[in-house]
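What follows is the residue order along each chain.
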Amino acid sequence: MVGYTLGKLKNRETLPGQLPDYLREKVTLISKAALQLEELGIKPNRRCRLFWIPGRIEVVGKHTDYAGGRSCVCAVNRGFCVLSVDRGDDELRVVSLKSKADQDEEVLQCSVRLSPDTEAARRLSQNFGHLLGCDVAISCDLPPASGMSTSSALICAMYMVLDVRNGLQKHPKFVATFKKEEELYEYLGCIENGQSCGELTGDQGVGTFGGSEDHTAIMSSEEGKLKVFSYKPTRLESIAPFPDHLTFVVASSGVLAEKTGDKMNNYNDAANLAALAAKTFQASTGNQCPDLASCVRSCGEAACETISAVLRAKGTEHLDVRFRQFYIESEVCVPGVAKAVSANSFDERELGRLVELSQEQGDAGLQNLVPETRWLPAEARCLGAVAASAFGAGFGGSVFAIVRRDDAPEFLRKWRESYVKEFPGNASSSEFFITGPGPGATEIKMEAAIPLKRPAAVKRLAEKRPASAVKVAKRPAKR
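Residues numbered from 1 in each chain as written. Predicted model: local features only at pLDDT ≥ 70, side-chain atom pairs only at ≥ 80, totals over all residues. Heavy atoms only, no water.

For clarity, the cut-off: UniProt positions are given in the numbering used here, feature names are shortened, and annotations may be inferred rather than shown by experiment.
Within an unreviewed UniProt entry, the label attached to the protein chain reads Galactokinase, and the organism entered is Durusdinium trenchii. Per UniProt, the protein chain has the following entry under Sequence similarities (unreviewed entry): "Belongs to the GHMP kinase family. GalK subfamily."

The structure is reproduced here in structure tokens:
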């Protein structure tokens, strides 16, 4: 099969016919990335791989994954277009384009050796040995630090590029470690948080104490579907087709949801409180519960009252507030939303109630909202949205509204106008866009968007679970 060349990916006139429907609006992003590779001296006839790595929406399940809870997630139609050209050495050259429609482009370039001593791809080379490199160009239309998992998407992108270049899924360690695709998603989360994954030793990570929700959503999402996962270990619990007559409108507030400096400490506070609540309950009862989800399982149907009583008796009301937020998100909102959107029992009012409950509990238990992300959901509901909530790490970022598909363009216009009037200082930095639940990360083939082949080590029962996202392209036969 003839694949893409750099020249084909640069040609804006012919490229649309060689892309799947959902990527045809990304032609400009792709061609600009191809041009950057050409400016590095790469010839137009060189074979070039194309990857799509989306951002994600966390519909409900705020800050639950690292405590073993549940979340309901999907991908968006914004993300990263990544182009890679194989190199014969171990150098990784990366060019990244950052731009907005009303701003000049910024081109960032770095070049490193792939070894356990370098920061770029450090974890992969540390765990799987010597790696061959690539020349990589990355273009993105996700708003920066918007709570749609930009940093996690980049980790997924580098994994996919280096996997296809080096055949990581055939490596003995990979085959021995990842028997299920969810175990790979957990490993990608460990790359970001620095933890070990089985025999694959960890390192410093990026300093956040997060879980694998973002990487799971990015890698596994399917078009038109919401997915419910539980974590520690990562496990797919259910899939809910999203109603055809509804869609998402996303408002990126323009307040950066960064995870560096003091913002990192704020983010980690939520994780630390969840861990401390579990330790307090364990010490008081003798139950061996490493996380809040284990505490809940150990108590059965009376978990909420039992654990809250213990935490209050110890004089740790702040831990009780954090536990209740976790319990309501994981045990009430997530399964409730999955049921409310199902075709057999679609309940628009219940969907709105549960998403609003998630917003309220996040405000009380996580204390990670800012005035903008507190105002936007309330205004969306006033404008007729079925449901609306902030999502992501918090302390800025984005809000989604679920609206009727036919009403979405007019709703977006009114929501944006109201927001700019209320917060004029964010007029230039905020972005509003419409998206349905989109496909997850994939390598794009020229003839069609073929889902990537699941590795032989991943064993699943097809009749029980639909095929999804450990996606690795078939390599061309050697000539």
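Regarding the overall build of the protein chain
Which entries qualify depends on this criterion: Secondary structure counts use DSSP, requiring at least four H or I residues in a row for a helix and at least two E residues in a row for a strand, with both numbered from the N terminus. Each residue's exposure class comes from its accessible area (1.4 Å probe, protein chains only) as a fraction of the maximum for that residue type: buried when under 20%, exposed when over 50%, partly exposed otherwise. Residue contacts are counted whenever heavy atoms from the two residues lie within 4.5 Å of one another. Computed with the Shrake-Rupley method and a 1.4 Å probe, the accessible areas treat only the protein chains shown as cover for residues.
Broken down by element type, the protein chain carries 14 helices and twelve strands. The buried share of the protein chain, taken over its 479 residues, is 58%. Taking the intrachain contacts of the protein chain between residues at least 6 apart in sequence as the baseline, contacts between residues at least 24 apart amount to 71%. Split by element, the accessible area of the protein chain, about 20,100 Å² in all, is 51% carbon and sulfur.

Some remarks on the UniProt feature "domain: Galactokinase N-terminal" (unreviewed entry) in the protein chain
In the numbering used here, UniProt assigns the feature "domain: Galactokinase N-terminal" (unreviewed entry) to residues 54-82. Overall, residues 54-82 shows 0% helix and 69% strand. The separation of its end C-alpha atoms is 11 Å.

Considering helix α2 (residues 27-39)
As a reminder, the rule being used: By this rule, a helix spans an expected 1.5 Å times one less than how many residues it contains.
In this model, α2 (13 residues) spans 18 Å end to end at C-alpha, consistent with the 18 Å of a helix rising 1.5 Å per residue. Looking at α2, one finds that the buried residues are Val-27, Leu-29, Ile-30, Ser-31, Ala-33, Ala-34, Gln-36 and Leu-37. Just downstream of α2 lies Gly-41, where phi reads positive at about 100°.

Points about the sheet that holds strand β9 (residues 387-391)
Rule in force here: Pairing between strands is defined by DSSP: at least two bridges between the two strands are required. As a rule, the C-alpha atoms of each element are fitted with a line to give its axis, helices using only the stretch in contact, and angles between N-to-C directions run from 0 to 180 degrees.
On the basis of which strands lie adjacent, the open sheet formed by four strands has the order β9-β10-β8-β11 and antiparallel pairing. Edge strands, defined here as strands with exactly one partner in the open sheet, are β9 and β11 (431-435). Each adjacent strand pair in this sheet contributes to an overall mean axis angle of 20°, direction not counted. Here five bridges tie strand β8 (residues 246-252) to β11, and the two strands are oriented antiparallel to one another. Within the sheet, the bridge partner assigned to Val-250 lies in β11 and is Phe-433. This element, helix α12 (residues 348-365), spans β8, β9 and β10 (398-404) of the sheet and lies at about 25° to β9.

What to know about unusual backbone geometry
Leaving glycine aside, a negative phi is the common case for residues, and trans is the common case for peptide bonds. Here Lys-232 and Pro-233 are connected by a cis peptide whose omega angle stands at 5°. Located in the positive-phi region is His-63, a residue other than glycine, with phi close to 55°. In the Ramachandran plot, Phe-395 falls in the positive-phi region, its phi being about 60° despite a non-glycine side chain. Note that Phe-395 resides in the loop between β9 and β10.

Side note on the packing of helix α4 (residues 150-166) against helix α6 (residues 181-193)
What counts is decided by this rule: Rotating anticlockwise by less than a right angle from the far helix to the near helix defines a left-handed crossing, while the corresponding clockwise rotation defines a right-handed one. Side-chain classes follow a simple rule in which Ala, Val, Leu, Ile, Met, Phe, Trp, Tyr, Cys and Pro form the nonpolar group, Asp, Glu, Lys and Arg form the charged group, and the remainder, Gly included, forms the polar group.
Between α4 and α6, the shortest axis-to-axis distance is 10 Å and the interhelical angle comes to 115°. Considering the relative orientation of α4 and α6, their crossing is right-handed. Contacts from Ser-151, Ser-152, Ile-155, Cys-156 and Tyr-159 of α4 reach α6 at Leu-184, Leu-188, Ile-191 and Glu-192. Classifying every residue of the contact of α4 with α6 by side-chain character gives six nonpolar, two polar and one charged.

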